[in-house]
Amino acid sequence: MQHELTALRGLVERLDPESVPLPEAPPMWQAFDTMERLVSGAKTLLAARVDASGVAGRSGDRGTPEYLARKSGTSPAAARDSLETSKRLAALPETRSAVRRGELSRQQTDEIAHTAAKNPGAERKMLDTAKRSSLSELRREGARRRAEADPDPEATRRRIHKERFLRRWTDKEGAWNLQARGTPED
């Protein structure tokens, strides 16, 4: 593995974007994007194994998400999502295969795994949507598929209604902000 890291590091160190001929830039970008997906997929696949290793406790972190976030320079929430996805992939062979082929971004993988955990029959549809749609469309499809699998939609509607909110504030730059949450009919 060290040899591959050294080779990739050398490739990126030698990369001079201004000297890449314009017709070669898009395929080169696509090749690096595929590499990124493959590496991200490997990290996702390994996250559950890192959790099982117990390294987080030995390193003084409060848990594996904190350990992964600290090591990768991401947020604990993103690391937690990655760990949850890693664990869910064990039951999702089609998604796991797509991850191994570098066909999915981390965000797509998270959305598919999250949805399939709630609606196992949605895995194939979500993979098809990921191939032909944007991430925002995949997220909308995921929300639809999770909603259709809700065992008690009325209880969910009541809970969301009870937890509804509307917040407004001025941020650090002085911009006015608004955030709201409620049921679709609200």
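To keep things clear, this report deals only with the structure shown in the data block. (Residues numbered from 1 in each chain as written. Predicted model: local features only at pLDDT ≥ 70, side-chain atom pairs only at ≥ 80, totals over all residues. Heavy atoms only, no water.)

1. Quick look at the overall build of the protein
Here comes step 1: What the protein contains, in helices and strands, is 10 helices and two strands.
Here comes step 2: Across the protein, helices and strands are ordered from the amino to the carboxyl terminus as α-α-α-α-α-α-α-α-α-α-β-β.
Here comes step 3: For a compact globule of 186 residues, the expected C-alpha radius of gyration is about 16 Å, and the protein comes in at 20 Å, more than 25% above that figure.
Here comes step 4: Projected onto its principal axes, the C-alpha coordinates of the protein cover approximately 55 × 45 × 40 Å.
Here comes step 5: Every one of the 186 residues in the protein was classed for burial, and the buried ones make up 27%.
Here comes step 6: About 12,800 Å² of surface is accessible on the protein, with carbon and sulfur atoms providing 54% of the total.
Here comes step 7: Measuring between centres, the 35 positive side-chain charges of the protein sit 5 Å from its 29 negative side-chain charges. (Helix = DSSP H or I, 4+ residues; strand = E, 2+ residues; numbered from the N terminus. Rg over C-alpha atoms; globule rule 2.2 N^0.38 Å. Buried < 20%, exposed > 50% of the residue type's maximum accessible area, 1.4 Å probe, protein only. Areas by Shrake-Rupley, 256 points an atom, 1.4 Å probe, with all protein chains shown as cover. Lys, Arg positive; Asp, Glu negative; His and termini not counted. Charge placed at Lys NZ, Arg CZ, Asp CG, Glu CD.)

2. Structural notes on the packing of aromatic side chains
The relation between two aromatic rings is expressed through the spacing of the ring centres and the mutual angle of the planes.
Here comes step 1: Evaluation of the coordinates by the stated rule reveals zero aromatic pairs.
Here comes step 2: In this structure, R167 packs its charged tip against the face of F165, placed 3.9 Å from the ring centre. (Phe/Tyr/Trp six-rings, centres within 6.5 Å; stacked < 30°, edge-to-face > 60°. Lys NZ or Arg CZ within 6 Å of the ring centre and 35° of its normal.)

3. Quick notes on the environment of R146
Here comes step 1: Within the secondary structure layout, R146 lies in helix 9 (residues 135-148).
Here comes step 2: Every residue in contact with R146, bar those within four places of it in the chain, is listed here: E111, H114, T115, K118 and R139. (Contact = heavy atoms within 4.5 Å.)

4. A look at the pairing of strand 1 (residues 165-170)
Here comes step 1: Summarising burial for strand 1: zero of the six residues are buried, a small minority.
Here comes step 2: Bridge count for strand 1 against strand 2 (residues 176-181) is six bridges, and the pairing is antiparallel. What sits directly across from R167, in strand 2, is Q179.
Here comes step 3: Hairpin connection between strand 1 and strand 2: a loop of five residues separates the two successive antiparallel strands, and G174 in this loop has a positive phi of roughly 90°. (Pairing = 2+ DSSP bridges.)

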